[in-house]
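Fold and contact review
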Amino acid sequence: MSLVAEAFVSQIAAAEPWPENATLYQQLKGEQILLSDNAASLAVQAFLQMCNLPIKVVCRANAEYMSPSGKVPFIHVGNQVVSELGPIVQFVKAKGHSLSDGLEEVQKAEMKAYMELVNNMLLTAELYLQWCDEATVGEVLEDVDQCCQALSQRLGTQPYFFNKQPTELDALVFGHLYTILTTQLTNDELSEKVKNYSNLLAFCRRIEQHYFEDRGKGRLS
Amino acid sequence: MGTVHARSLEPLPSSGPDFGGLGEEAEFVEVEPEAKQEILENKDVVVQHVHFDGLGRTKDDIIICEIGDVFKAKNLIEVMRKSHEAREKLLRLGIFRQVDVLIDTCQGDDALPNGLDVTFEVTELRRLTGSYNTMVGNNEGSMVLGLKLPNLLGRAEKVTFQFSYGTKETSYGLSFFKPRPGNFERNFSVNLYKVTGQFPWSSLRETDRGMSAEYSFPIWKTSHTVKWEGVWRELGCLSRTASFAVRKESGHSLKSSLSHAMVIDSRNSSILPRRGALLKVNQVELAGYTGGDVSFIKEDFELQLNKQLIFDSVFSASFWGGMLVPIGDKPSSIADRFYLGGPTSIRGFSMHSIGPQSEGDYLGGEAYWAGGLHLYTPLPFRPGQGGFGELFRTHFFLNAGNLCNLNYGEGPKAHIRKLAECIRWSYGAGIVLRLGNIARLELNYCVPMGVQTGDRICDGVQFGAGIRFL
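Let me sum up the structure you'll find in this document.

Quick word on the overall build of chain B
Across its full length, chain B holds 4 helices and 23 strands. Residue burial in chain B is summarised as follows: out of 470 residues, 43% are buried. The long-range fraction of contacts in chain B, counting pairs at least 24 apart against all pairs at least 6 apart in sequence, stands at 59%. Roughly 24,500 Å² of accessible area belongs to chain B as shown, and the carbon and sulfur atoms make up 58% of that amount.

Thoughts on the pairing of strand β5 (residues 115–124) of chain B
Residues and elements named next belong to chain B. Counting buried positions along β5 yields 8 of 10 residues, so the element is predominantly enclosed. As judged from the 7 bridges shared by strand β3 (residues 46–53) and β5, these two strands associate in the parallel manner. Paired with H49 across the two strands is D117, which belongs to β5. Alignment of strand β4 (residues 96–105) against β5, held across 9 bridges, turns out to be antiparallel. The partner of D104 across the bridge, within β5, is D117.

So, the environment of Y362 of chain B
All names here are of chain B. Its place among the elements puts Y362 in strand β18 (residues 361–362). Put simply, Y362 and P448 are 86 residues apart on the chain and 18 Å apart in space, counted from C-alpha to C-alpha. Here G454 takes part through its backbone oxygen, which lies 2.4 Å from a polar atom of the side chain of Y362.

Section: the packing of helix α2 (residues 35–50) of chain A against helix α5 (residues 105–131) of chain A
All names here are of chain A. At a minimum axis separation of 8 Å, α2 and α5 run at an interaxial angle of 145°. Seen from α2, the contacting residues are L35, S36 and A39; seen from α5, they are L123, E126, L127 and Q130. Of the residues that constitute the contact of α2 with α5, the class distribution is 4 nonpolar, 2 polar and 1 charged.

A short note on the packing of aromatic side chains
All names here are of chain B. Inspection of the entire model under this criterion finds 15 aromatic pairs over all chains. Between F338 and Y368 the ring centres are 4.9 Å apart and the planes differ by 40°, which places this aromatic pair in the tilted class. With F338 in the loop between β16 (314–326) and β17 (357–358) and Y368 in strand β19 (residues 367–377), the pair connects residues that are 30 residues apart, well separated along the chain. F338 gets classed as buried once you look at its relative accessible area, which sits at 6%. A cation over an aromatic ring shows up here: K298 above the ring of F338, its NZ or CZ 5.2 Å from the ring centre. The aromatic ring of F469 is capped on one face by R440, whose charged end is 4.6 Å from the ring centroid.

Parameters and conventions
- Residue indices begin from 1 for each chain and proceed along its sequence in written order.
- Note on labels: chains are lettered from A, ligands numbered from 1, in written order.
- In keeping with the model being predicted, local features are shown solely for residues with a pLDDT of at least 70 and side-chain atom pairs are shown and tallied solely at 80 or more, while totals for entire chains, interfaces and linings include all residues.
- The basis for every side-chain value is the complete set of non-hydrogen atoms in the structure, without hydrogens or water.
- Starting at the N terminus, helices and strands are each numbered in turn, a helix being any DSSP run of H or I of at least four residues and a strand any DSSP run of E of at least two.
- To sort residues, take the accessible area from a 1.4 Å probe on protein chains only and compare it with the maximum for the residue type: under 20% means buried, over 50% means exposed, and anything in between is partly exposed.
- Here a residue-residue contact requires only that any non-hydrogen atoms of the pair lie within 4.5 Å.
- For the area figures, the Shrake-Rupley method with a 1.4 Å probe applies, and any residue is considered shielded solely by the protein chains shown.
- Two strands pair under a simple rule: DSSP has to find at least two bridges between them.
- Distance and chemistry together define a polar contact, namely a pair of N or O atoms within 3.5 Å, with one atom able to donate a hydrogen and the other to accept it when in protein, and with adjacent residues in sequence counting only for side-chain atoms on both sides.
- Working convention: axes come from line fits to C-alpha atoms, limited for helices to the stretch in contact. Angles between N-to-C directions cover 0 to 180 degrees.
- Each residue gets one label: Ala, Val, Leu, Ile, Met, Phe, Trp, Tyr, Cys and Pro are nonpolar, Asp, Glu, Lys and Arg are charged, and the others, such as Gly, are polar.
- Classification of ring pairs uses Phe, Tyr and Trp, with its six-membered ring standing for Trp, and accepts pairs whose centres are within 6.5 Å; under 30 degrees between planes counts as stacked, over 60 as edge-to-face, and the remaining range as tilted.
- In our convention, an over-ring charge means Lys NZ or Arg CZ found within 6 Å of a ring centre and within 35 degrees of that ring's normal.

Keep in mind these numbers describe shape, not what the thing actually does.
Right under this line is the structure:
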């Protein structure tokens, strides 16, 4: 489809309300999904929970082939299929739900910067750990430490990164940190680095309790 | 001495893989008469020697098996008939470009007064033949390279390789064929291939990489083939707008199947037969037995009857049907289901555009039946009789069929009822052109009827080209 036609279709879709049967697709838990994909999927789930939009999670072995961009997770809403956190945030915004509308321009820029930081540092560390496992792991851990330090400083004692209301940055950070903390790896050093920062741990616990347990979804596996 | 040209008898029906049917042309056999003019027809003769000229790499044992019958001839007419049959069998092996037969009296010390010598003068095919074509299709150009090595090791083994390199897709196939010496209908072949297909009616793209091994053998008048095939299939969406039902089928799967097919073919030609019948039954049984992750049992059959009527016209009736039953709880894959509709199936409907569909993408069905009644007549006023005009026929047809998914929990009565409701059918007339013994072209005016919501029709003029028509 041409760019114009795609824009037109998404405008039409934007007018429809969020359906009850919206679904999120990811690979099978346990035996198939990778560290980085799990983090991405959790981030999207947390984001949609924060927006108060119902979503059902379906695990399928061919999820990455079903996705239009080849990346997981993707959501199937009405007739539309959207993949990855960035486009999903845009899509949800077009439907009139947004977490970062209340922020000022400066804060929005700051949020984008922190999201890039997480993507560059934490995501790279996860990718590195799942594919290689060698001597340069020292440098990777350094980067992770720096990233966590920056996040911890920004968070301080606030409940969320931009004080009272959660934003997509909170969802993204939660997705990555929770995955790192809870996935069994051959090397525990990554999760040890994160555990050094108690306010990040509390942050993860808080989001898990508020958005996943309290909604009757039960503990995340 | 003068030479006598004798008109030969009807050729054997062709069944070898490389045999480009000689049709009903006459063959000539040279016979040299003796010095005394005698009535040779019923004179007892003995075939003393059979000579072969021109053998190179061909081994003796397969030749001996094919010409064994010539020695059994008792009189001249039988010698001519048996040597003609031997010539047909030698050509069927696919290793000779030309075979000429010469029958002469025996000369030499051990010659009997009624002894004959039969000489086969053969020209073997070259060791390697190649072909190169360029093709232009739907927004795609490709070059196709073909290589053939006939008679590789001297016993009619054949290796063929085809490679197609296109702007969008690349595909190739390698195949090895070996007949059993003396029994050409028993043969086995091994194939290796990668083919890609684009199916716009389902918004689906499929890439198959696979190998297969098959063994064919005759039992009385039927020909059976037993085959094992292993395919790695990759399905994908052809466009961003593919329906979600097709999107769900994307990904990789492995199919490993054993199948058995039986063919009885008494037609005189496979393209526009004048008489005879064809029954083809294909049973496929799958996975869980030989590995892979698709599991089903699939049955498919094809029946065709032809009868010649007055004024050189032919009446033909055909019936196709099939059923796919998944084993276990996984649903069937879109790549295994049946499709219906199109110029080679139910005319008047668009290609494969009948049956279950989702957002305009046709998903195929697990059970189908289709039938056709045809009347072929020569062109009115018979233009170009005896020449070009003979390749054309006028054609009146009636097609009907149905494609649906069955609920396998219910009994056979419910299945028949489901297949009998919502029948699509069409009628019309047109012209058929026969392309050698390989394919046919049709140009028809069609009127589709019984159209259900979701079907796509092609009423009016429809063009079709292919090998297998309903």
